[in-house]
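Below are the chains, spelled out letter by letter.
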Amino acid sequence: MVKVSVFNGPNLNLLGQREPDTYGQRSLEDIMRDLEQFAADCGLQLDHMQTNSEGEMVDAIQQAGKDAVDYIIINPAGYTHTSVAIRDALLAVEIPFVEVHLSAVNSREPFRQVNYFSDIAIGVISGFRGESYLLALQAILNRIEP
Ligand code: DQA
């Protein structure tokens, strides 16, 4: 069974309350519930975690390497624009990953144009609010069963 791990970075635990005009009205719990359902319908094994800590994210990625996870979906959130450590962890485990954002980061502030992940991702899905995660999983499915 194909294993997919979903990693969500800082402040995404506040989705639904946090800047709803930018990130949408839905909670992370609701978004992940839909994603789990979609994965189950497609016969994929999916787990997900959220952390506000960079070190925990690095540890979780290293663990995914040990657990032979096949694909990662990651929303590094604020770490997208700062984290060499999370980038290095993804390169170290060599697990193909899709970078996801709820907002359209490319049309936001200049500091969000700095990105430590896009050049090493399979692809980037950005701007579709919670649906970005479903689109990322669909993209992985398309790679598995072209
Ligand atoms: C985000 C975009 C980031 O710039 C921001 O820091 C976030 C969320 C998104 O999903 O749109 O926390 O990754």
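Before any of the text, the structure's been laid out above.
Okay, so let's go over this structure.

Looking at the packing of helix 2 (residues 28-41) against helix 5 (residues 131-144)
Where helix 2 meets helix 5, the axes come as close as 10 Å, and the angle between the chain directions of the two elements is 20°. With respect to helix 5, the axis of helix 2 lies roughly parallel. Read as a crossing pair, helix 2 and helix 5 show a hand that is right-handed. In this structure, helix 2 uses Ile31, Met32, Asp34, Leu35, Phe38 and Ala39 to contact helix 5, whose residues at the interface are Tyr133, Leu134, Leu137, Gln138 and Leu141. Residue classes in the contact of helix 2 with helix 5 are distributed as nine nonpolar, one polar and one charged.

A short note on the pairing of strand 4 (residues 97-101)
Regular strands show a simple pattern: their side chains alternate between the two faces of the sheet. Of all five residues in strand 4, five are buried, a share of seventy percent or more. Sheet analysis places strand 3 (residues 71-75) next to strand 4, joined by three bridges and oriented parallel. Each bridged residue has a counterpart across the sheet, and for Ile73 the counterpart in strand 4 is Val98. Remark: the strand 3/helix 4 (residues 84-93)/strand 4 crossover connection has right-handed handedness. Examined bridge by bridge, strand 4 and strand 5 (residues 123-126) share four bridges and lie parallel to one another. Each bridged residue has a counterpart across the sheet, and for Val100 the counterpart in strand 5 is Ile125.

So, how was this worked out
- Residues numbered from 1 in each chain as written.
- Predicted model: local features only at pLDDT ≥ 70, side-chain atom pairs only at ≥ 80, totals over all residues.
- Heavy atoms only, no water.
- Axes fitted to C-alpha atoms, helices over the stretch in contact; angles between N-to-C directions.
- Helix = DSSP H or I, 4+ residues; strand = E, 2+ residues; numbered from the N terminus.
- Parallel < 35°, antiparallel > 145°, perpendicular 65-115°, else oblique.
- Left-handed = near helix turned anticlockwise from the far one by under 90°.
- Contact = heavy atoms within 4.5 Å.
- Nonpolar A, V, L, I, M, F, W, Y, C, P; charged D, E, K, R; others polar.
- Buried < 20%, exposed > 50% of the residue type's maximum accessible area, 1.4 Å probe, protein only.
- Pairing = 2+ DSSP bridges.
- Right-handed = clockwise from strand over helix to strand, strands pointing away.

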